[in-house]
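# Observations on the three-dimensional arrangement
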Amino acid sequence: MSDRSATVIGAGLAGCEAAWQLAEREIHVRLIEMKPHKMSPAHHSDQFAELVCSNSFRGDRLTNAVGLLKEEMRILGSLIMRCADETKVPAGGALAVDRDSFSAHVTKAITEHPLIEQIHEEAVSIPDGPVIIATGPLTSDAFAEVIRSLPGMSTLNFYDAAAPIVFRESLDESKLFRLSRYNRGNDYLNAPMTEEEYTVFINELINAETAEIHGFEENRVFEGCMPIESMAKRGFMVPAFGPMKPVGLADPRTGKEPFAVVQLRQDNASDTMYNLVGFQTRLKFGEQKRVFGLIPGLEHAEYARYGVMHRNTFLNSPGFLNSSFEMINRKQCFFAGQITGVEGYVESAGSGLVAGMTLAAELNETEIPVFPSCTALGAMGKHVSTPNPNFQPMNCSFGLIDPLPVIPGEKRLKKKQDRYEAVAQRSLSCIRTIQSQTGGK
Ligand SMILES: Cc1cc2nc3c(=O)[nH]c(=O)nc-3n(C[C@H](O)[C@H](O)[C@H](O)COP(=O)(O)OP(=O)(O)OC[C@H]3O[C@@H](n4cnc5c(N)ncnc54)[C@H](O)[C@@H]3O)c2cc1C
């Protein structure tokens, strides 16, 4: 038995992946999971790596960022990807799984690993020594309080109320104008609307389908941050006096204030993503694309992240975690999964993989893997560790991964799919190098 050991708290997508990566590198793991004694409001099975909602791991092509992420994880020996591939069901270009079979495969692999010991209890303190905390978006209340009191912790969020974020290159900027309200600079992109356009938009908005509110997500939590569709339901002009107010935003092309305006604010340092200011929403994702596509300039908008309003415990990670998901103030204490500010099953497992590999290397005193931000795994690490006053959980997207460099004299690839393919190939070659330098069994 190995004399090097670590604790992993939470046997979800991230915790199982982290435990596996550690154990495969000869680290003895104590895996603490509160199920089945205590269940979060969304967990129902006694198996590990439970999929609490959809059975889809989303796109599986390399020209899709989450498809690239999956391939990186496969190369690095991911347990979650192996079990997902073993239990997949037909889903076109996506990877979907038989959820019970998937969880059963993960549970069996963890249970049969000789270096993983299972402890079925609720963690109510953080143990001394090397640890990875992966208790997820529905971390138990008592443990959330423990996390909240950690040194260096600025905020622990319990709800996620975010407006959609769109890729700049998908906007028709000929219909937008750049201006900050009252001429205080040029920081915002503004989509002006005529009265007719506003009327059509509001009618569609109030009739659009919204996502279901789970029993544990009481309505009252959303009062301080009202969804745009709820404002519109309160009165036709309410959005136009709220986030869509045109005051101080005269369109430079007409010299006049439009009837209403949608403001878009830069969302990342590389200026590739913009969020719709004040547009937090519970609309279903397809409805967001349809209804927000009525905003001039957003007809063909592609979404880096749809708006959401749901229960989600997550850290204000920038300044608290580094890009390997390790606490800046406490060496060998890592976080992994949705709690770090990544979003989605695959992203959660991916962060568990990075945390597990990194902690194993620290304990084994071998080369520490460094995931550059030209890879999907590295881009997620960069997202959670880069200072950002609007920090919000994010799915993996090409907007987060370093774009191809501009080489003077060389033509930029015209087609987006070709650019994504080139980004993916660059990333996979980098991941193969990391695997050859740091790989487990
Ligand atoms: C309601 C809901 C629906 C979602 N739907 C989707 C979806 O359809 N698709 C998608 O990609 N993502 C979805 N997500 C987001 C996210 O991808 C999943 O929540 C994902 O499971 C996160 O993985 P994780 O490992 O971080 O957490 P989890 O998979 O939730 O694992 C955390 C584990 O920690 C355990 N735990 C919690 N507190 C303690 C404690 N104190 N001591 C011991 N154990 C503890 C829990 O029992 C759980 O097993 C959803 C999230 C929620 C909340």
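Residues numbered from 1 in each chain as written. Predicted model: local features only at pLDDT ≥ 70, side-chain atom pairs only at ≥ 80, totals over all residues. Heavy atoms only, no water.

### Observations regarding the packing of helix α6 (residues 195–207) against helix α9 (residues 285–292)
Axis separation between α6 and α9 bottoms out at 10 Å; the angle between their running directions is 170 degrees. Relative to α9, the element α6 is oriented roughly antiparallel. Residues Phe201, Glu204 and Leu205 of α6 pack against Arg290, Val291 and Phe292 of α9. Classifying every residue of the contact of α6 with α9 by side-chain character gives four nonpolar, no polar and two charged. (Axes fitted to C-alpha atoms, helices over the stretch in contact; angles between N-to-C directions. Helix = DSSP H or I, 4+ residues; strand = E, 2+ residues; numbered from the N terminus. Parallel < 35°, antiparallel > 145°, perpendicular 65-115°, else oblique. Contact = heavy atoms within 4.5 Å. Nonpolar A, V, L, I, M, F, W, Y, C, P; charged D, E, K, R; others polar.)

### Re the side chain of Ser40
With respect to the helices and strands, Ser40 occurs in the loop between β2 (28–32) and β3 (56–59). Taking relative accessible area as the criterion, Ser40 reaches 8% and is therefore assigned buried. In terms of polar contacts, Ser40 uses its side chain to reach the side chain of His43, at 2.5 Å. If we ignore the near neighbours within four places in the chain, the residues touching Ser40 are Met34 and Leu138. (Buried < 20%, exposed > 50% of the residue type's maximum accessible area, 1.4 Å probe, protein only. Polar contact = N/O pair within 3.5 Å; in protein donor to acceptor, adjacent residues only side chain to side chain.)

### Quick word on the domain arrangement of the protein
Where interface size is given, it is often the accessible area lost as the parts come together that is meant. Under the domain assignment used here, the protein contains domain 1 (5–154 + 316–438) and domain 2 (162–311). Using C-alpha coordinates to define each centre, domain 1 is positioned 31 Å away from domain 2. With both sides pooled, the region where domain 1 packs onto domain 2 buries about 1300 Å², and carbon together with sulfur makes up 47% of that total. The tally of links from domain 1 across to domain 2 stands at three salt bridges. Two residues, Arg412 and Glu169, come together in a salt bridge whose shortest N-O distance is 3.9 Å. On inspection of domain 1 and its partner domain 2, the count reaches three residue pairs in polar contact (both at pLDDT 80 or more). Take the side of domain 1 that touches domain 2: its biggest share by element is three residues, from helix α12 (residues 416–438). (Domains from an automatic or database assignment. Buried area = accessible area lost by both parts, 1.4 Å probe. Salt bridge = Lys/Arg side-chain N within 4 Å of Asp/Glu carboxyl O.)

### Concerning the environment of Ser180
Considering the arrangement of structural elements, one finds Ser180 in the loop between β10 (177–178) and β11 (188–193). Spatially, the C-alpha atom of Ser180 lies 8.3 Å from that of Gly248, the residues being 68 residues apart in sequence. Among the polar contacts made by the side chain of Ser180, one reaches the main-chain carbonyl oxygen of Arg184 at a distance of 3.5 Å. A polar side-chain atom of Ser180 sits 2.9 Å from the main-chain amide nitrogen of Asp187.

### What about the site of the ligand?
Residues in close proximity to the ligand total 30 residues, the closest being Glu33, Ala123, Gln338, Gly344 and Tyr345. With respect to the ligand, the backbone of Gly344 contributes an N or O atom lying 3.3 Å from an oxygen atom. Considering the ligand on its own, with 970 Å² of exposed area, one finds that the protein chains cover 93% of that surface. Residue assignment for the shell around the ligand shows that the elements contributing at least two residues are α1 (13–23) and α10 (345–364). Residue composition of the shell around the ligand, grouped by class: 13 nonpolar, 13 polar and four charged. (Near = heavy atom within 4 Å. Areas by Shrake-Rupley, 256 points an atom, 1.4 Å probe, with all protein chains shown as cover.)

### Quick word on unusual backbone geometry
Both trends apply: most residues other than glycine have a negative phi, and most peptide bonds are in trans. Here the amide bond leading from Lys35 into Pro36 is cis, since omega sits at 0 degrees, within 30 degrees of zero. Residue position: Pro36 is located in the loop between β2 and β3. Of note in the backbone geometry, Asp271 takes a positive phi value of approximately 65 degrees without being a glycine. Checked against the element boundaries, Asp271 lands in the loop between β12 (260–266) and β13 (273–276). Phi is positive for Phe325, close to 70 degrees, though the residue is something other than glycine. By the secondary structure assignment, Phe325 is in the loop between β15 (308–315) and β16 (333–335).

### A few points about α6
For α6, built from 13 residues, the straight-helix expectation of 18 Å at 1.5 Å per residue is met to within 8% by its first-to-last C-alpha distance of 19 Å. Within the span of α6, buried status applies to Tyr198, Phe201, Ile202 and Leu205. The arc that holds every buried residue of α6, seen down its axis, measures 100 degrees, which confines them to one face. Opposite the buried face of α6, at more than 90 degrees from it, the exposed residues are Glu196 and Asn207. Buried residues along α6 sit in contact with β11, α7 (228–234), α8 (238–241), β12 and α9. (Expected span 1.5 Å × (residues − 1). Arc of directions from axis to C-beta.)

### Some words on the sheet that holds β3
With antiparallel pairing, three strands are arranged side by side in an open sheet as β3-β5-β4. At either end of the open sheet lies a strand with only one pairing partner, and these are β3 and β4 (88–89). Relative to strand β5 (residues 94–97), β4 is paired through two bridges, and the arrangement is antiparallel. The residue of β5 that forms the bridge with Lys88 is Val97. The sheet contacts of helix α3 (residues 79–86) involve β3, β4 and β5, and relative to β5 the element is tilted by about 85 degrees. (Pairing = 2+ DSSP bridges.)

### A look at the packing of aromatic side chains
Considering all chains together, one arrives at 11 aromatic pairs under this definition. Clustering of aromatic rings is evident, with ring pairs tying together Phe57, Phe102 and Tyr345. (Phe/Tyr/Trp six-rings, centres within 6.5 Å; stacked < 30°, edge-to-face > 60°.)

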